[in-house]
Amino acid sequence: MLEDAKILAGGQSLMPMMNMRFVTPEDVIDINKIEELNFIKLSDDAIDIGAMTVQRELLSSSSIQTIAPILNEALAYVGHFQTRNRGTIGGSLCHLDPAAELPALASLYDAQMVVHNKNGQRVIPFDEWSFAYMMPCLAPEDVLVSLSFPKWKLNHGYSFVEFARRHGDFAICAAGVLIELDKNDEISKVAITIAGADVKPIRLKAFELDIIGQKVNEDLIRSAVEEVKKIETMSDAYYSSSYRKRLAGTLVERALIKALERAGGPT
Amino acid sequence: MGARYFGAEVLRGEDKPLITGKGQYVDDIRLPGVLHGAFVRSPHAHALIKTIDTTDAQRLEGVHAVFTFSDLEEPINRPAVQTYPSPLIKQDLRPLPLARDEVCFVGEAIAFIVADTRHIAEDAIPLVKIEFEVLEPIVRVKDAVLKNAPLAHKDSKDNIVAKLNVSYGNIIQDFKAADHILETKFLQHRGGCHSMEGRAVLANYTASLDELTIWSATQCPYLIRRSLASQFEMSESRIRVIAPDVGGGFGPKAGFYVEEIIVPWASRKLERPIKWVEDRREHFLSTNTQRDTWWEIEIAANDDGRVLGVKGRIILDNGAYIPYGLLLPFTTITPLPGPYKISSLDVTQDVVFTNTVTNSPVRGAGRPNAAYAMERVMETVARSLGLEPAEVRRKNFVHKNDFPYETGLIHFNGRPMIYDSGDYHKLLEEALKLADYDGFTSRQVTARKAGRFLGMGISSCIEDTGVGPYEGVTVRVDHLGKVYISSGAASQGQGHKTILRQIVADELDISIDDIHVEIGDTSKFPQGVGTVASRVGVNIGTAAFSAAKEVREKALGLAAEILNVEYDDLEIEDGIIRDKARSNITITLGELALKFAPMSGGAVPTGYTASLEATSYDGSKGPPHASGSNVCEVEVDIGTGEVKLLNYSVAHDCGRKINPLIVEGQIVGGVVHGIGNALFEEMIYDESGQPQTTNYGEYLLPLATEMPPINIVHQETPSPLNPLGLKGAGEGGTIPAAGAIVSAIENALKEFDVIIDKYPVTPEYLCNLIDGNR
Amino acid sequence: MVDQRNIDVNVNGKSYSGAVETRFSLADFLRENLGLTGTHLGCEHGVCGACTVLVDGEAIRACLMLGVQANGKHITTIEGLADGNNLHPVQEAFWKNHGLQCGYCTPGFLTTLVAFLRENPDPNEEEIREAISGNICRCTGYQNIVAAAKAAAEVLRAK
């Protein structure tokens, strides 16, 4: 039994920490050769993605482009093409940077996280995934093996907008929106998430429930921006909590507008 | 001179090894038996060292030695020599090669570990047990100057490094007479150099010869040699310093660091070659930077926008130590008042110690600061008096008929500041035309109707370049007619070898491919100064021209005798000297070289010295002044505070250009560095002096995706101070950049009455300004 | 005791078999074990891109991969781009367009562009800038690098 071991996936997060000696494991377990963890599978109601699927594969997957186009939109912000050649979806979800795009999407989709250890397999819903700042609720012997993203209707509206200082940087904040409208142009399903504002992505779940059945207009968008003012935001050496909150409001507004355009909704 | 290379876009000879992976940077140099070093550095901004226990570290397998101050003998154990002494330094506090009982910045070197590999040396670092007594640090520049501020050095009386003043004219009278007294205050923050190669030292002490050879990623090999000779009390002739391929410098590699004492010392002590290569975190912590200066300025101006006088007070953060003298403070005020004719000036500068890494010049040194200050003066006048910004510049520029123009300011070296040549009005017009300044207002209005905020800003500067004392060049012809050039110059990407070849090839009329150049090695040329302040091109250009001219004249003189032709009837073409009229009478440079340097049994021609060669240390008669005008167009997103750079126009005057490719490369690179300063680069410290930006995720360097198209138009006002009319070109892109960008942002946000009082301008800061004024 | 593994790897067309310290990055392995010092370390945390090499044709940061992970793979470094004395069009374009000054970041840009232009042989300026946004240059300001990329793309398309 290895006492002090770390799993090495794409290495884009772990290797910098090891190079800078912030993390100094006795052993490193390289799981890159486990082909079973590298897949994109469609079922009737979900897309299942293996944890070791690299970001470049996700970007070039036509099924994802059709069924979950927001993944494509978000992945374009993720790092640079060199890092996307190695960075994995599982790695990003386990590293759990507050501003990372893939955890934001997992939050948006209420993804199901499939975790494996020697006692078997279990499924953790994403809203229980984060234990603390950059720490998922995984025991040392757990391995994330796949994620399941429930499908939305084919004509759903989507948008992922982020603000980062430079191309490929971690976002300061990002907002993701998924929306389905019924034939009266009223909201039948909606999900809104904000990344980077706090240690984990924030879903506006109460607000989402409130606006079911409503038509989308300027008032609704304004009320969404008001709702964002209620969230908890964090402060650090680089950005204050009030700026994060202001930014989150701007980005939610823009994401909502864009998502509605794509759903054929009013702008 | 048949100029076929001068002024031409000659491709660089330096490139072939670099593009094929055959460069030889310090870390690439492999010496047999080399050991590897790592430094134990202070984790505290200010602390006393109570005890150091290196026992565990020494026991680690693969560790050869762990050195602390107590291992250093006389004279090594004295503070690092002052490289730029000045009577104006009040407290000349320089670091000990390894800290003894006090550390004064996070990153200060305390111990040096030597091991078989770099990995093992770094493994040993946490095994060195140090007991500290943490002291209160002084971190903020404005606090450091206060009377009861915590002391950066526990035994000093205050935090004052120096109090400088420049003044001329009758400031009291001008302020009395002016129609308006205006003011502006701001913070300037420049950041680190972040050459992609960090610092590195490889030292090899040869005991049998008592000689030290050092490879250092330095901009100043001769400074290192001189300083080491002083520090070790060892003859310069026993020290050889080589700057091999160096991956960028930008200022901070021009100093003399404690690592450059300790690594050679340890090599001598262990009689083994030792290599130390800085990693990026070390670069953030222990390589000099150029950070905060705080400015408070008062302006005496008239209704028509003429500025009569400028009064100012600056507080400049020196950091913890002052091994680099006052070069940064000097260059911060002596370029005042820039390209403007101001009848009186009175600026004082308090240079203060703080418990942070030493601040020393970064690309442009203090010149970007001085240029920015003058642009803030002009913008303040324009805004307060409702005048057109370009018109205010025109009203105040030195006129082209005023040259040579004496500003009135006396440099600290006693010499008056004189601008040699220029045409600032025309330069501004060129920049405005390039930027379509006249068409901008309607673009701005149209964009505003669509909810977009566009802005345009201008900024002008002068740059004193090519400062002396010299940078020498030797030109020597061999018996095959090939030419050898050696020089004390050192390059970190500026293409000096190529421009040397261009100048000499023209003067001797040979192919540049027949010229071999060696630079950056103290054993290949007797004396040198260093690559800083856009000085090398001017100095080696002048010296190369002089030396090549002397070689040419010597060759022609002997050729005239041998061919029995009048001196003036001779010409050189492709290395062959011929009678212009009867071109079948020839002799080659190689044949002449043979005659000048015969072997045993031969004789040197009567009246001549041996060897077809010449050495010149000729430089410019004074510092030529380059100048520039920049115009920047931006778009501001008021929802996020993001500033997008849409277009950047540069009108640049560096006198006659030896190689336009190289000049433009320097300008574009310089502008991008300036963009970094204006918008992205910030070294953040917390209240306890802990750096908060120590990697490239936290400290933002400009990337290709955010850079605007950078368009350049050139103007050439040759310098009368050197025969080739040269002016320096290395920093003219950086110097005015922040001014243009900040003015553009204010212009974009004018309806919010935004006045920017610091850079870098971050999105959050902009949002606060916008919200505060809504 | 130093922990090592034996690996078989093909670098620039040559096969190597030997031991590598498990703690070595791929960049360390190339520089120390194979003496291929053309791959440079600028930050060792995966941002500057100076260490970029091609692993089975893909542009990878060599500081973010362990040497042992290269087992069984084909690596191309800057030393492997030229064909004997014939420079790769990307190398030639950098020379002709003054796309380098100090040269330290250049190895990463060259390998990055070789991989990029293979995927996108006719890129516009925006696409080129995005492709090189994972590489930092402090000297050139990128403009000439973009010009070099365009020039190289044209030469490669003509082949």
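Residues numbered from 1 in each chain as written. Chains lettered and ligands numbered in written order. Predicted model: local features only at pLDDT ≥ 70, side-chain atom pairs only at ≥ 80, totals over all residues. Heavy atoms only, no water.

1. Examining the sheet that holds strand S21 (residues 515-518) of chain B
Sheet strands pair via backbone hydrogen bonds, and the direction of the pair is either parallel or antiparallel. All names here are of chain B. Strand order in the open sheet formed by 4 strands is S21-S20-S19-S25, and the pairing between neighbours is mixed. The open sheet has two free edges, formed respectively by S21 and strand S25 (613-616), since each of these has just one partner strand. Neighbour to neighbour, the strand axes of the sheet diverge by 15° on average, direction disregarded. Here strand S20 (residues 483-487) pairs with S21 via 4 bridges, running parallel. From the neighbouring strand, Ser486 faces S21, where its bridge partner is Glu518. (Pairing = 2+ DSSP bridges. Helix = DSSP H or I, 4+ residues; strand = E, 2+ residues; numbered from the N terminus. Axes fitted to C-alpha atoms, helices over the stretch in contact; angles between N-to-C directions.)

2. With respect to the interface of chain A and chain C
Taken together, the contacts link 23 residues of chain A with 22 residues of chain C. Its largest share of buried area at the contact with chain C, chain A owes to A:Phe81, A:Gln82 and A:Arg86, together 32% of the area lost on that side. Our enumeration of links across chain A and chain C arrives at 1 salt bridge. For the interface between chain A and chain C, the tally reads 9 residue pairs in polar contact (both at pLDDT 80 or more). Taken together, the elements giving at least two residues each to the side of chain A that touches chain C come down to helix H1 (14-19), strand S2 (27-30) and helix H5 (81-84) of chain A. Tallied by class, residues from the side of chain A that touches chain C come to 7 nonpolar, 10 polar and 6 charged. (Contact = heavy atoms within 4.5 Å. Buried area = accessible area lost by both parts, 1.4 Å probe. Salt bridge = Lys/Arg side-chain N within 4 Å of Asp/Glu carboxyl O. Polar contact = N/O pair within 3.5 Å; in protein donor to acceptor, adjacent residues only side chain to side chain. Nonpolar A, V, L, I, M, F, W, Y, C, P; charged D, E, K, R; others polar.)

3. Examining the nonpolar core
Residues B:Leu679, B:Ile745, C:Phe94 and C:Tyr142 are the most contacted members of the largest nonpolar core, which totals 171 residues. With sequence-adjacent residues up to four places away left out, C:Tyr142 is seen in contact with B:Val672, B:Pro702, B:Leu703, B:Ala704, B:Met707, C:Phe109, C:Arg129, C:Ile132, C:Asn135, C:Ile136 and C:Cys137. Formed by 50 residues, the second largest nonpolar core is a distinct cluster that contains B:Tyr5, B:Val477, B:Val538 and B:Leu724. (Core = buried A, V, L, I, M, F, W, Y, C linked by side-chain atoms within 4.5 Å. Buried < 20%, exposed > 50% of the residue type's maximum accessible area, 1.4 Å probe, protein only.)

4. Quick word on the packing of helix H2 (residues 89-96) of chain C against helix H3 (residues 106-119) of chain C
Residues and elements named next belong to chain C. Their axes nearest at 9 Å, the elements H2 and H3 cross at an angle of 130°. With respect to their mutual orientation, H2 and H3 come out oblique. Seen along the crossing, H2 lies across H3 with a hand that is right-handed. Residues Val90, Gln91 and Phe94 of H2 form the contact with H3, whose own contacting residues are Thr106, Phe109, Leu110, Leu113, Val114 and Leu117. Taken together, the residues of the contact of H2 with H3 break down into 7 nonpolar, 2 polar and no charged. (Parallel < 35°, antiparallel > 145°, perpendicular 65-115°, else oblique. Left-handed = near helix turned anticlockwise from the far one by under 90°.)

5. What to know about the interface of chain C and chain B
Listed per partner, the contact involves 44 residues of chain C and 54 residues of chain B. Three residues stand out in chain C for area buried against chain B, namely C:Trp95, C:His98 and C:Arg138, and they jointly supply 19% of the buried area on that side. The tally of links between chain C and chain B comes to 6 salt bridges. Of the charged contacts in the structure, one is a salt bridge between C:Arg23 and B:Asp123, with a shortest N-O distance of 2.8 Å. Inspection of the chain C/chain B interface yields 23 residue pairs in polar contact (both at pLDDT 80 or more). Those elements giving two or more residues to the side of chain C that touches chain B turn out to be helix H1 (26-33), H2, H3 and helix H4 (125-131) of chain C. Counting residues per element, the side of chain C that touches chain B draws most heavily on H2(C), at 4 residues.

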